Amino acid sequence: MNVIQAKEKRPPRPRPIINDDTDFFWNGLKAGKLLIQKCTGCQVLRHPSSPMCPECHSLDWGTIEATGKGVIYSFVIMHHPELPPFDYPNPIGLIELEEGVRIVGGLTGIKPEEIKIGIPVQAEITKFDDDLTLAMFRPVSNKGGN
Amino acid sequence: MTGSISGKAAIAGIGATEFSKESGRSEMCLAAECVLAALEDAGIDPAEVDGIATYTMDNNAEIEVFRNIGGKELKFFSRTHYGGGAACAPVMHAAMAVSAGVANVVICYRAMNERSAYRFGRGVQKGIPDMTAAVSLSWYIPYGLVTPASWAAMTATRYMAEYGAVSEDFGRVSVAARKFASTNPNAWFYEKPITLEDHQNSRLIVEPLHLLDCCMESDGAVAVVVTEAERARDLKQKPVVIRGAAQGSCDDQQMMTSFYRENIAWLSEAALVGNQLYEQAGITPDDINTAIIYDHFTPYVLQQLEAYGFCKEGEAKDFIKDGHIEMGGSLPINTHGGQLGEAYIHGMNGIAEGARQVRGTSANQVEHVEHVLVTAGTGVPTSGLILGTL
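Cut-offs and rules
Positions within a chain are numbered from 1, following the residues in the order the chain's sequence is written. Written order decides the labels, with chains lettered from A and ligands numbered from 1. Residues qualify for local features only when their pLDDT is at least 70, as the model is predicted, and side-chain atom pairs are given and counted only at 80 or more; totals for whole chains, interfaces and linings, by contrast, use all residues. To get the side-chain values, all heavy atoms of the structure are used, and hydrogens and water are removed first. Starting at the N terminus, helices and strands are each numbered in turn, a helix being any DSSP run of H or I of at least four residues and a strand any DSSP run of E of at least two. Each radius of gyration is computed over the set of C-alpha atoms, and the globule rule expresses the reference value as 2.2 Å times the number of residues to the power 0.38. The rule is simple: take the accessible area with a 1.4 Å probe, protein chains only, and divide by the maximum for that residue type; under 20% is buried, over 50% is exposed, in between is partly exposed. Any pair of residues with heavy atoms lying within 4.5 Å of one another is described as a contacting pair. All accessibility values rest on the Shrake-Rupley procedure with a 1.4 Å probe; residue burial counts only the protein chains present in the view. Accessible surface is computed with a 1.4 Å probe, and the buried area is the amount of it that two parts give up when combined, taken over both parts together. Basic side-chain nitrogens of Lys or Arg form a salt bridge, by our definition, when they fall within 4 Å of a carboxyl oxygen of Asp or Glu. Polar here means any residue outside two lists: the nonpolar Ala, Val, Leu, Ile, Met, Phe, Trp, Tyr, Cys and Pro, and the charged Asp, Glu, Lys and Arg; Gly therefore counts as polar. Only when DSSP finds a minimum of two bridges between them are two strands counted as paired. Residues enter a nonpolar core if they are buried and are Ala, Val, Leu, Ile, Met, Phe, Trp, Tyr or Cys, with the set joined through side-chain atoms within 4.5 Å.

Caption draft 1: Quick look at the overall build of chain A. Each helix and strand counted, chain A has 1 helix and 9 strands in total. Reading the secondary structure of chain A in the N-to-C direction produces β-α-β-β-β-β-β-β-β-β. In summary, chain A has a C-alpha radius of gyration of 16 Å against a globular reference of 15 Å for 146 residues, a match within 12%. Principal-axis analysis of the C-alpha atoms gives chain A an extent of 45 × 30 × 30 Å. Looking at the 146 residues of chain A, the share that counts as buried comes to 49%. Long-range contacts, defined here as pairs at least 24 residues apart, represent 58% of the contacts in chain A between residues at least 6 apart. Entry remark: accessible area of chain A is about 7,000 Å², with carbon and sulfur atoms responsible for 51%.

Caption draft 2: Spatial organisation of the overall build of chain B. Helix and strand counts for chain B come out as 14 helices and 11 strands. Its C-alpha atoms give chain B a radius of gyration of 19 Å, near enough to 21 Å, the size a compact globule of 390 residues would have. Along the longest, intermediate and shortest principal axes, the C-alpha atoms of chain B span 55 × 45 × 45 Å. Residues classed as buried in chain B amount to 64% of the 390 residues present.

Caption draft 3: Examining helix α1 (residues 23-30) of chain A more closely. All names here are of chain A. Along α1, the residues that are buried comprise F24, F25, W26, G28 and L29. Where α1 is buried, its residues contact β2 (35-39), β4 (61-65), β7 (102-107), β8 (120-129) and β9 (132-139). The first or second residue beyond α1 is G32, which carries a positive phi of 80°.

Caption draft 4: Fine view of the interface of chain A and chain B. Contacts between the two partners involve 39 residues from chain A, matched on the other side by 34 residues from chain B. Both faces considered, chain A and chain B share a buried interface measuring about 3,200 Å² in area, 66% of it formed by carbon and sulfur atoms. When the area that chain A buries against chain B is broken down by residue, the three leading residues are I17, H80 and V104 of chain A, summing to 17%. Where chain A touches chain B, the interface holds 0 salt bridges. Put simply, the parts of the chain that give the side of chain A that touches chain B at least two residues each are α1, β5 (69-78), β6 (90-97), β7 and β9 of chain A. Residues belonging to the side of chain A that touches chain B are distributed by class as follows: 25 nonpolar, 11 polar and 3 charged. Pairing of β5 of chain A with strand β5 (residues 204-207) of chain B involves 2 bridges; the strand directions are antiparallel. For I77 of chain A, the partnering residue across the bridge sits in β5 of chain B and is E207 of chain B.

Caption draft 5: Focus on the nonpolar core. By size, the foremost hydrophobic cluster in this structure holds 99 residues, and its most contacted members are L34 and F137 of chain A together with L145, L305 and L373 of chain B. Per-element tally for this core: the top contributor is helix α6 (residues 148-163) of chain B, with 9 residues. Look past the residues within four positions of L305 of chain B in its chain and what remains in contact with it is I293, F310, C311, A316, F319, I320, I325 and L331 of chain B. Formed by 42 residues, the second largest nonpolar core is a distinct cluster that contains I11, F76, V98 and A103 of chain B.

Caption draft 6: Layout of the sheet that holds β2 of chain A. Residues and elements named next belong to chain A. Here 3 strands make up an open sheet; going across it, the order is β3-β2-β4 and the pairing antiparallel. Lying at the two open borders of the sheet, with one neighbouring strand each, are β3 (45-46) and β4. Sheet analysis places β2 next to β4, joined by 5 bridges and oriented antiparallel. Paired with K38 across the strands is G62, a residue of β4.

Structural data, given as structure tokens:
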């Protein structure tokens, strides 16, 4: 995917704390890829990532690049407290990717009152600053948006 | 394994400070005060205390509390992880210690200036001390999903979609709690009931949650004293026997963010705790006369009513609408006003109220109480108790 530059300049967002089990994911986003961990032993996908496969206990894993297509499985709209890095209301989705795993990401290009469970979305990998690139999700039917 | 912990230990004393927004003194001072009050209530000399159990997010070291009360020989101390979810665990650990014979008098406490010093509701952005927690929260905080209310709301939205619950169904929990608080002189919201309209008109914190879906923030402290049931029989107060005590955590458990299970609307760890408790006590949910259902956020009360077996999955909204959780209903809950109405002392004030219901001394006393269920924080590894008469 192309990495999009966030339009609005704001104070920096909270940083993720990254360790050996999660750095592939954050590095992937910087390279424009939404990567999901895949067990080498039993081929099961898992997110959030972990060093051991809960299914077969293998420590060997690789990644697949997700298409970024999914549907909204659940969502919230943040109103309070208002933190300087974010616009409010701030909608955030729990997305079920077509590969079968769920992942949390910001929702963009949709009015809060129009957000519903089941809406198809597409990941938009967005660079907020030199250190932070995140997966935002935009409804696929929405061509315009903000 | 049947009932090995059941009936061996009892809550012999309860103590608390006032509940406020600014206590004006140190957390250690609050801890020492509530522990001493609980020992006085029980009629036990502080020098007899030989065990201490608390749970994480309390900042008062066990040995310093022990030093303050003039303790002599401390033989058992435990601190259970996972904050409010562990609220009932210290009492379980105390009952285990007493029944195993490693300690005779165990104090359990939570003392916190949460409102004046921390304000959990402000959210986390950095400086998370626990590495596991920091890495886990990193999937959420860069998006602004930073508050306990926001993590609870993510589950609540899905719960509403699964079962057709609406905001008013959550609001009825808050209205019922505030009604009980309004007649409890120790409650922060004493004489301040609300209507469902007040709930609906309260500002949005994180949709679908309004302000009045969220517990308050409080300063204060509560302690209980656990000793052998046989000994408690001869002490000052009517014994509150621990009929069941359990902890639970299930598959793919995360701290408030178990978003990856097949059905996130079902609280599997609460069901696990409930099943253990009923088996230990040898009773069913029908035998519970009143319950303290941990009310950090109202949607979790609905989910717990289902997981603890008081109604079927998805039917809590009807159970509540039919008045079951109010005085005169089949299961009055949170008769102290809960953490929505009395105070947010991380569940320990609910254990004290459970004890009062067994003693018959609640400000909102339910008639003919034999068994009280007390639950702890959910959305996290959790715990629970069944308290009963001797």
